[in-house]
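Residue-level listing of the chains:
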Amino acid sequence: MCFAAPGGLRRPIFLIGLIAFGLVSAFSAAVAQADSDEAVELETALRLASLLREARAVIGANQDLINDPERGEKGLTGAVVLEVARENYRKANGVPPLYDGQGAREAALISAQMRAIGDVMAENQSTINREGVGFKGFVPAVFGRLVNERFYELEGDQAVIKVTAPPHLVRNRKARPDDWEIGVIADHLTSEDWPRNKIFAAEANYKGQPAYRVLVPEYYSEGCIACHGGPKGEIDVTGYPKEGGQVGDLGGVISISLMR
Ligand code: HEC
């Protein structure tokens, strides 16, 4: 009797409607959340790439000073590198590396990266200040690798920053791309229709661990050609055979993995 009452019939339909509506809104909220999480992660990854680039650029801008055999103490300390990098980072990103209201994860990772820069500069003062030696092997790529290695010691369970390259261009075996990087470089970054400077980002495993992974392409400019240009195979000042690259070619990739 009771189940025949009109109210009793309408109620379940109303409930189903509510549940369906609830599911849809929970789903779209989850999608919106995922989108905004991804935007935050992408921004963090790009900022880590930016700070690495700016610090590396300070080493590049001071290469003649570093290579000067006449000068001992050069004053190129971690504090100096960080100060110049910080200023150029601020111009590029509109915010300094650390600021009030910054996300906790980004703040932790950027802090660790700044510490890594300081540590690498401190560890290499005797090399940089050595008198009587011109070329000391302290070039932006080496500096960058050392900073990324130090960063890995500090934050490797949270994030990994690496400078890699298409496999045939790799000099240091530590820079070799993993399978995922090889695939993205081949299928996207070096494909004919990939827009210049376009970033690739996706959910993908890093050494079997779920991660958000971002690849930032880097191209050879005039300044790279003395070492990475032609004639191919000729030994450059650092002792490596030149790659035969040309200005504008994809020369490398900054690869950032943010662990889930
Ligand atoms: C003075 C020579 C020299 C110049 C100039 C130079 N590089 Fe390199 N590059 C090297 C050396 C040496 C390494 C290997 C560093 C290491 O031991 O990790 C390297 C490594 C790299 C790597 C990492 C992958 C690898 O092969 O190990 C990339 C990417 C790269 N260079 C790109 C560039 C770009 C882009 C420029 C110009 C903006 C540039 N390089 C300028 C000498 C140079």
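All of the points below concern the structure found in this document. Just so we're clear, the structure is a prediction, and the values are computed from it rather than from any experiment.

Here's the deal with the overall build of the protein
Next, step 1: Looking only at helices and strands, the protein features eight helices and four strands.
Next, step 2: Along the chain direction, N to C, the helices and strands of the protein fall in the order α-α-α-α-α-α-β-α-β-β-α-β.
Next, step 3: Put simply, the protein has 260 residues, and 38% of those count as buried.
Next, step 4: Taking the contacts inside the protein whose residues are at least 6 apart along the sequence as the reference set, 67% of them involve residues at least 24 apart.
Next, step 5: For the protein, the accessible area works out to roughly 14,200 Å², and carbon and sulfur atoms hold 58% of it.

Let's talk about the coordination of the iron atom of the ligand
Next, step 1: In this structure the iron atom of the ligand is ligated by exactly one protein donor, His-228 (NE2), at 2.1 Å.
Next, step 2: Its location among the elements puts His-228 in helix α8 (residues 222–228).

As for the pairing of strand β4 (residues 250–259)
Next, step 1: Of all the 10 residues making up β4, 10 are buried; the element is thus mostly covered by neighbouring parts of the structure.
Next, step 2: Two strands pair when backbone bridges link them, and strand β1 (residues 159–164) and β4 are joined in this way by six bridges, in the antiparallel orientation. Looking at β4, one finds that Ile-161 is bridged to Ile-256.
Next, step 3: By the bridge criterion, nine bridges tie strand β3 (residues 209–219) to β4 in an arrangement that is antiparallel. If you follow Tyr-219 over to β4, its bridge partner there is Leu-250.

As for helix α4 (residues 104–123)
Next, step 1: Counted at 1.5 Å a residue, the expected span for α4 with its 20 residues is 28 Å, and the 28 Å between its end C-alpha atoms agrees.
Next, step 2: What α4 keeps buried is the set Glu-106, Leu-109, Ile-110, Ala-112, Gln-113, Met-114, Ala-116, Ile-117, Val-120 and Met-121.

Side note on the site of the ligand
Next, step 1: Residues in contact with the ligand amount to 23 residues; listed here are only the nearest, Arg-145, Arg-171, Cys-224, Cys-227 and His-228.
Next, step 2: A distance of 2.5 Å is found between an oxygen atom of the ligand and a side-chain nitrogen or oxygen belonging to Arg-145.
Next, step 3: Separating a nitrogen atom of the ligand from a side-chain N or O atom of His-228 is a distance of 2.8 Å.
Next, step 4: Classifying every residue of the shell around the ligand by side-chain character gives 13 nonpolar, eight polar and two charged.
Next, step 5: Counting contributing residues per domain, the shell around the ligand is built from domain 1 (9–155) and domain 2 (158–260), each supplying no fewer than three.

Some details on the side chain of Lys-162
Next, step 1: Mapping Lys-162 onto the fold places it in strand β1.
Next, step 2: According to the relative accessible area criterion, Lys-162 is buried, its value standing at 15%.
Next, step 3: Engagement of the side chain of Lys-162 in a polar contact is seen with the side chain of Glu-181, the distance being 2.8 Å.
Next, step 4: Among all residues touching Lys-162, those that are not within four sequence positions of it are Asn-148, Ala-175, Arg-176, Pro-177, Asp-178, Glu-181, Val-253, Ile-254 and Ser-255.

Considerations on the packing of aromatic side chains
Next, step 1: For the coordinates displayed, the defined rule picks out three aromatic pairs.
Next, step 2: Among the aromatic residues, those joined into a cluster by ring pairs are Trp-180, Trp-194 and Phe-200.
Next, step 3: Lys-198 extends its terminal NZ or CZ atom over the ring of Trp-194, reaching a point 4.7 Å from the ring centre.

Side note on the environment of Leu-82
Next, step 1: By the element assignment, Leu-82 lies in helix α3 (residues 78–93).
Next, step 2: Between the C-alpha atoms of Leu-82 and Ala-55, which are 27 residues apart in sequence, the distance is 6.8 Å.
Next, step 3: Each residue touching Leu-82, except ones within four places of it in the same chain, is listed here: Met-114, Ile-117 and Gly-118.

The rules behind the values
- Residues numbered from 1 in each chain as written.
- Predicted model: local features only at pLDDT ≥ 70, side-chain atom pairs only at ≥ 80, totals over all residues.
- Heavy atoms only, no water.
- Helix = DSSP H or I, 4+ residues; strand = E, 2+ residues; numbered from the N terminus.
- Buried < 20%, exposed > 50% of the residue type's maximum accessible area, 1.4 Å probe, protein only.
- Contact = heavy atoms within 4.5 Å.
- Areas by Shrake-Rupley, 256 points an atom, 1.4 Å probe, with all protein chains shown as cover.
- Donors = N, O, S within 2.8 Å, 3.2 Å for Na, K, Ca; no water.
- Pairing = 2+ DSSP bridges.
- Expected span 1.5 Å × (residues − 1).
- Near = heavy atom within 4 Å.
- Polar contact = N/O pair within 3.5 Å; in protein donor to acceptor, adjacent residues only side chain to side chain.
- Nonpolar A, V, L, I, M, F, W, Y, C, P; charged D, E, K, R; others polar.
- Domains from an automatic or database assignment.
- Phe/Tyr/Trp six-rings, centres within 6.5 Å; stacked < 30°, edge-to-face > 60°.
- Lys NZ or Arg CZ within 6 Å of the ring centre and 35° of its normal.

In short, geometric facts, not functional conclusions.
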